[in-house]
Amino acid sequence: MAVVFRNTMMDVDFPCYSTTTTTTATTTATTTTTTTATSSDDNCCDWNDWSSVVDWDEISCDGDHMKDDGFHDLLETMTDEIVTVHHPAWALPDRRSSTVSPETVMMDSEDDGGEDFKGLRLVHLLMAAAEALTGVNKSRELARVILVRLKELVSPNDGSNMERLAAYFTEALHGLLEGAGGAAAGVYGKHFSGHHGPHVKDDHHHQTDVLAAFQLLQDMSPYVKFGHFTANQAILEAVVHDRRVHIVDYDIMEGIQWASLMQALVSRKDGPSTHLRITALSRGGSARRSFTTIQETGRRLSAFAASIGQPFSFHQCRLDSDEAFRPSSLKLVRGEALIINCMLHLPHFSYRASESIASFLSGAKTLNPRLITLVEEEVGPIANEGFVGKFIDSLHHYSAIYDSLEAGFPLQGRARVLVERVFLGPRIAGSIARIYRAQGEAEGGSWGERLASMGFRPISVSFANHCQAKLLVGLFNDGYRVEELACNKLVLGWKSRRLLSASVWTSPDNDM
Amino acid sequence: MTKYHHQQLLSHPSSSLSQPILDSSKMINEEPDPNPMSDHNILEWIEGSLPFLPPIFDDPYDSWWQLHVPAPDQEQINRCSTSFDSNVSTVTAATSATLPEPPAIPSDHPRPSDSSKKRKASDDHAPKTSQISRKSQNRRNNNEGDEGETIVEQGLVPARKSSGSKKAAAKSGGNTCNNKDGRWAEQLLNPCAAAITASNPSRVQHLLYVINELASLTGDANHRLAAHGLRALKHHLASPGSPVTSAGSTTFASTNPKFFTESLINFSDINPWFRIPNSIANSSILQILQEQNQPRNLHIVDVGVSHGIQWPTLLEELTRRSGGPPPLVRITLITRTNHEEQSRNTPFAASPSGYNCSSQLLGFAKKININLQINRLDNFPLQNLNSQVIKSSPDETLIICTQFRLHNLNHNNPDDRTYFLKVLRSMEPKGVVLTENNADCSCHNCVDFATGFSRRVEYLWRFLDSASVAYKGRESDERRMMEGEAAKALTNAGEMNERKEKWCERMASVGFSRQVFGEDAVDGARALLRKYDSNWEIRVEDRDGCVGLWWKGQPVSFCSLWKIAPDTK
């Protein structure tokens, strides 16, 4: 009941301030407010589709001119609402002028309808700040003032999804304003949130959070499993008749992807068991921690393999100090099916420099692998290629993630805040900093496109794999969906927003 | 639909090609015993490796809170010097109101004196320093000045030495960097006006949202400008030409006479916006009187916005003249009233209902033994003035004093302005003092809405910026009223300014010839200016002899003195 009403309200009220529908919209809003208030305990669909609050198309294309008639009315309606709805402290003095109507009085409280409205205000402020940082009429002072205002309005720990999200974007922009964000993210081999900060928290405490957050992320969303399962299924299908399999993993992280693969391999019914060798790439240079971390991952994987009777060996291959990949540093054994596994930028992953990824993929080509599994973030179609357009796209992307997490676990507010703090917040900061630095640089397109242009051939995603992805996603909230964007590519999305894609490739001269 | 239910569904093999992995995940879930790992327990899976987690997570995630903690001053300065844009120092200004002097101002800029530097930095935030520096400056003036006749008028500043030109020259070097970056409100208001002109509603809507978030009738000049600008934009969008609602911000017309008078006097004391033009007008009147051969009656026609408060000083100075005051002093006040057309409500011209300065002026004149006569022409259209209306007689010295009122006259189609100047000419005054805003026209006949709006905003910015300094950033009803009155410029259809040159051309075309201000007038004004913020300056144009009042290197107003051209007599 509440859901229906809210959606109606959003649809009518926000994307277009049409004069003809204003009355109905506000009337509906009143009803809604009361309804949602009573159902706030089980508000599982409260923010069902945040996208309807903000009309992304409207926002991202400036040239969308309306007809001139009704222009003034339209803006009048809007500004009346602006002035009346929120802002007890900042209210403009003429808000109680003779034109105040019953509807606007009704809207004049910080209720749920207000929350949506606040989200819209935040988006406008963020856009303006991004524009002030980079636009034609660049003004650092304006950007500063807007960010100060934003910080008054939001906190990363409280408030609605949009408020928490806006807090991280505000922080990201603030980083750019101070020049710190850009500098830190520019160093290869360092993670975007880097070690440049003046405060270094004690690791142990923080890692507890990380574990908890990772656990929560796994439970709350299909983001991690979607990539792992789709890739693993493709691998299994590609090595059906192989007795020796060698997987080169670009970013092994905690290695959880391979546990399920091993179980699947062990349970293969036909013939003797398959030997699995995994080579994890480790980051060279200063990242001694990387080496030991991966060593630990290997130890754990070995123990697990032993426990289920899976023949297994584990190696490391160190990347150069600039994270470049040298194929010659890889130990290859004749007769092994070579698999290249490239998980990029899952929500809990570190950011990897595109130079490093490019060197890995082009190096991989020389090895003539049987299969390449690639998982990467999807970006939206961006009309405006500038910073602001990409910034808005990124905002849209993360708002979809936030909403999907909330929809799945509406009551676990604190858990979500933890996931956001540990994974998403730093991701946002890094991603905004990269967009900022990449201004004017030529775009390389998605990694899938680059693989295609390098000559890799697509391999169809099997029906079974597709079904599996759909079933996986079905375990979570209704909003998730799987799309087959190309014969070799599955995309995981939330509502209308594409978030992650998994694609499968093979070498140019492979006859598979 | 529970997860568990789903997983049971999944346990049926979905394909014979190979075993889907979800099967194994089900296995993991349901048979945890043989497995060290469970899908639901990543903690267990990783627990042995706590110290070896990816380094990304080592970084503390508290930069958010860092933002709220003002960094030490030294650190801020260091950061500024290493960052790619020296303006970045403005970033820090938000975190604390008691910042050191912004290092954003390039150090290679010439600075007139340490004190003015301090003042500039202080703006809203540090009234104390500005007070101190002003004192020190006055002290300096004390030493170099000697007492003179203009001092009586100034009261506070006992100096009249003509060191002003030197000071102005030095100052102009420092002030010409009118940092546009600090004027953020205009960077939202002007694009919004441009989007209105370009009929781009989504852009307009976006900018209105943002302006609305930042607008406030309290706070610094930018926030105030945003608030006034927002109201003006909304007014324009709602229905161009409808009456302006000025609810919330008081204006001259909406206040009471006592408060009004006190506010005007106090404002004149802290901001030279009107004080300098008044002073120059008074000096000019004395100058013209001086040039008359025999003592004659003085008749002043006041088409201005001083609401009478400029005249006591003149009267007092008249008593100090050699030869004493004129036998009769007549002042004809051409006032505006509240009944005038709302949409053409020129800033500062209206007065509260019931306000009448005549009795005070008369009382004051009586006290100092001046024979004063006051004539009020209320609600009188300027175009209808003539010698009969003002009852001028050939044996009196007629001087017409116009201040900030004539720009309200149409200047094309019909050209009421030239017509009115011709009327002035026909009254055969001994002198005309013309003071106007030195700005380009913003009427809709001359420019599109966006251009006109940006010019109005520019005008208001100077007023708000200088008022902010004058009131030392403090809020008061008085400040709100003065600013509310100035903000009429944003909505007033009669903002038909012209540049000084254009005005001069017009005056010359109807038969006036430009006079050079006497040294007393200029020096007096300069001496008087010293008591105000050092961002103010007086610039005398060598070319035309006009006296310009400038704020932060930008022209605000000009004063000019005219007589009937000899060949047209």
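Rules behind the numbers
Residues numbered from 1 in each chain as written. Chains lettered and ligands numbered in written order. Predicted model: local features only at pLDDT ≥ 70, side-chain atom pairs only at ≥ 80, totals over all residues. Heavy atoms only, no water. Helix = DSSP H or I, 4+ residues; strand = E, 2+ residues; numbered from the N terminus. Buried < 20%, exposed > 50% of the residue type's maximum accessible area, 1.4 Å probe, protein only. Areas by Shrake-Rupley, 256 points an atom, 1.4 Å probe, with all protein chains shown as cover. Contact = heavy atoms within 4.5 Å. Domains from an automatic or database assignment. Arc of directions from axis to C-beta. Polar contact = N/O pair within 3.5 Å; in protein donor to acceptor, adjacent residues only side chain to side chain. Pairing = 2+ DSSP bridges. Salt bridge = Lys/Arg side-chain N within 4 Å of Asp/Glu carboxyl O. Expected span 1.5 Å × (residues − 1). Core = buried A, V, L, I, M, F, W, Y, C linked by side-chain atoms within 4.5 Å. Axes fitted to C-alpha atoms, helices over the stretch in contact; angles between N-to-C directions. Parallel < 35°, antiparallel > 145°, perpendicular 65-115°, else oblique. Left-handed = near helix turned anticlockwise from the far one by under 90°. Phe/Tyr/Trp six-rings, centres within 6.5 Å; stacked < 30°, edge-to-face > 60°. Lys NZ or Arg CZ within 6 Å of the ring centre and 35° of its normal.

Chemist: Mind laying out the overall build of chain B, listing which residues take part and the relevant values?
Modeler: Counting its regular elements, chain B contains 23 helices and nine strands. Burial statistics for chain B: of 569 residues in total, 58% are counted as buried. Roughly 22500 Å² of accessible area belongs to chain B as shown, and the carbon and sulfur atoms make up 51% of that amount.

Chemist: Residues and numbers for the overall build of chain A, please.
Modeler: Secondary structure summary: chain A contains 18 helices and nine strands in total. When each of the 512 residues of chain A is scored for burial, the buried share is 60%. Relative to all contacts within chain A whose residues are 6 or more apart in sequence, the contacts with residues 24 or more apart total 78%. Just so you have it, chain A exposes about 18600 Å², and 54% of that area is on carbon and sulfur atoms.

Chemist: Help me get a handle on the domain arrangement of chain B, residues and values and all.
Modeler: Split by domain assignment, chain B resolves into domain 1 (181-238) and domain 2 (257-439 + 498-564). Spacing between the C-alpha centres of domain 1 of chain B and domain 2 of chain B amounts to 35 Å.

Chemist: I'd like a rundown of helix α17 (residues 447-454) of chain A, residues and numbers included.
Modeler: All names here are of chain A. Listed as buried for α17 are Trp447, Gly448 and Leu451. The arc enclosing the buried residues of α17, seen along the axis, measures out at 105°, which places them on a common side. Away from the buried face of α17 by more than 90 degrees, exposed residues Glu449 and Ser453 are located. Those residues of α17 that are buried lie in contact with α14 (354-366), β5 (371-377) and β9 (497-506). In the segment just after α17, Gly455 is the residue with positive phi, at about 105°.

Chemist: Could you give me a rundown of the side chain of B:Asn438, with the residues and numbers involved?
Modeler: Residue and element names in this part refer to chain B. With respect to the helices and strands, Asn438 occurs in the loop between β5 (431-437) and α19 (449-470). When its relative accessible area of 8% is taken as the criterion, Asn438 is described as buried. Separated by 3.1 Å, the side chain of Asn438 and the backbone nitrogen of Lys500 make a polar contact. The residues contacting Asn438, other than those within four sequence positions of it, are Glu498, Arg499, Lys500, Pro555, Val556, Ser557 and Phe558.

Chemist: Give me the pairing of strand β4 (residues 337-343) of chain A: which residues, what numbers.
Modeler: Residues and elements named next belong to chain A. Burial runs high along β4: seven of the seven residues are buried. Burial along β4 is two-sided: the face carrying Ala337, Ile339, Asn341 and Met343 and the face carrying Leu338, Ile340 and Cys342 are both buried. Bridge count between strand β1 (residues 244-249) and β4: five bridges; the pairing is parallel. Note on β4: the bridge partner recorded for Val248 is Ile340. Bridge analysis of β4 against β5 gives five bridges, and the strand direction is parallel.

Chemist: Go over the domain arrangement of chain A with me, naming the residues and quoting the values.
Modeler: Residue and element names in this part refer to chain A. One can read the domain layout of chain A as domain 1 (116-182 + 384-444) and domain 2 (222-382 + 445-506). Just the C-alpha atoms count here: the centres of domain 1 and domain 2 sit 30 Å apart. Taken together, the contact between domain 1 and domain 2 spans 21 residues of the former and 21 residues of the latter. Between the two partners, domain 1 and domain 2, sit two salt bridges. The shortest N-O distance in the salt bridge between Glu377 and Arg427 comes to 2.9 Å.

Chemist: With reference to specific residues and values, describe helix α11 (residues 223-238) of chain A.
Modeler: If you check α11(A), its first and last C-alpha atoms are 23 Å apart, about what 16 residues at 1.5 Å a residue would give, namely 22 Å. Summarising burial for α11(A): 16 of the 16 residues are buried, a large majority.

Chemist: Before we move on, can you summarise unusual backbone geometry with the specific residues and values?
Modeler: At A:Lys495, a residue that is not glycine, the phi angle is positive and equals roughly 55°. Tracing the backbone shows A:Lys495 in the loop between β8 (489-494) and β9. Positive phi, normally seen in glycine, also occurs at B:His307, with a value near 50°. Note that B:His307 resides in the loop between β1 (297-303) and α16 (311-320).

Chemist: I'd like a description of the nonpolar core, backed by residues and values.
Modeler: Counting residues in each nonpolar core, the largest one holds 200 residues, and the members touching the most others are A:Leu173, A:Ile432 and B:Met482. Among the elements that line this core, the one with the most residues is helix α15 (residues 387-408) of chain A, at 11 residues. B:Leu385, B:Val423, B:Leu424 and B:Trp503 belong to the second largest nonpolar core, which has 27 residues in total.

Chemist: A description of the environment of A:Ala130 should follow, citing residues and the corresponding values.
Modeler: Residue and element names in this part refer to chain A. Assignment of secondary structure puts Ala130 in helix α6 (residues 112-134). Overall, Ala130 belongs to the buried group, its relative accessible area being 0%. A sequence separation of 257 residues divides Ala130 from Phe387, and the C-alpha atoms of the two residues are 7.4 Å apart. Apart from residues no more than four positions distant in its own chain, Ala130 is found in contact with Leu173, Phe387, Val388 and Phe391.

Chemist: Now, about the packing of helix α18 (residues 416-426) of chain B against helix α22 (residues 500-509) of chain B: what can you tell me, with residues and values included?
Modeler: Axis angle and axis distance: for two packed helices, these are the angle between their axes and the distance between the axes, and together they describe the pair. All names here are of chain B. α22 packs onto α18 with a crossing angle of 50° between their chain directions and a minimal axis gap of 9 Å. In terms of orientation, α18 lies oblique with respect to α22. In the packing of α18 onto α22, the handedness of the crossing is right-handed. Two secondary-structure elements touch here, α18 through Arg417, Thr418 and Leu421 and α22 through Trp503, Arg506 and Met507.

Chemist: Give me the pairing of strand β8 (residues 547-551) of chain B: which residues, what numbers.
Modeler: When a strand is regular, its side chains alternate between the sheet's two faces. All names here are of chain B. Within β8, five of the five residues are buried, leaving the element largely enclosed by the surrounding structure. Of the two faces of β8, both are covered, the one formed by Val547, Leu549 and Trp551 as well as the one formed by Gly548 and Trp550. Note: strand β7 (residues 536-540) against β8, five bridges, orientation antiparallel. Its bridge partner lying in β8, Ile538 is registered against Leu549. Here β7 folds back onto β8 in antiparallel fashion, the turn holding six residues, of which Gly545 has a positive phi close to 75°. Where β8 hands over to strand β9 (residues 554-564), the hairpin turn is made up of two residues, of which Lys552 adopts a positive phi near 50°.

Chemist: Provide a residue-level description of the pattern of salt bridges, including the pertinent values.
Modeler: A complete count under the given rule lists 47 salt bridges over all chains for this structure. The residue A:Arg352 makes a salt bridge to A:Asp251 at a minimum N-O spacing of 2.9 Å. A residue pair is termed long-range when its members are at least 10 positions apart, and A:Arg352 in the loop between β4 and α14 and A:Asp251 in the loop between β1 and α12 (256-266) qualify at 101 residues. A salt bridge links B:Glu483 to B:Arg479; the nearest nitrogen and oxygen atoms lie 3.0 Å apart. Remark: B:Arg479 and B:Glu483 occur in helix α20 (residues 477-486); sequence separation between them is four residues, near one turn of the helix. On the basis of relative accessibility, which here comes to 2%, the residue B:Glu483 falls in the buried class.

Chemist: Outline the environment of A:Glu336, listing residues and values.
Modeler: Residues and elements named next belong to chain A. Here Glu336 lies in the loop between β3 (312-318) and β4. Residue Glu336 is classed as buried on the basis of its relative accessible area of 13%. Considering only alpha carbons, one finds Glu336 and Asp242, 94 residues apart in sequence, at a separation of 7.7 Å. Look past the residues within four positions of Glu336 in its chain and what remains in contact with it is Arg244, His246 and Arg277.

Chemist: How would you explain the packing of aromatic side chains if you had to name every residue and give the values?
Modeler: Under the defined criterion, the tally for this structure stands at 25 aromatic pairs over all chains. Taking the centre distance of 6.3 Å and the plane angle of 35° together, the rings of B:Phe267 and B:Tyr471 count as tilted. Here B:Phe267, found in helix α14 (residues 257-270), pairs with B:Tyr471, found in the loop between α19 and α20; they are 204 residues apart in sequence, far enough to count as distant. No difference in accessibility class separates B:Phe267 from B:Tyr471, as the two residues are buried. In this structure, A:Arg283 packs its charged tip against the face of A:Tyr250, placed 4.6 Å from the ring centre. Seen from the ring of B:Trp550, B:Arg539 lies directly overhead, with NZ or CZ sitting 3.8 Å from the centre.

Chemist: Would you mind going over the side chain of B:Asp533 in detail, with residue names and values included?
Modeler: All names here are of chain B. You can see Asp533 is positioned in the loop between α23 (519-529) and β7. For Asp533, a relative accessible area of 4% gives the class buried. Looking at Asp533, its side chain comes within polar contact range of the main-chain nitrogen of Asn535, at 2.8 Å.

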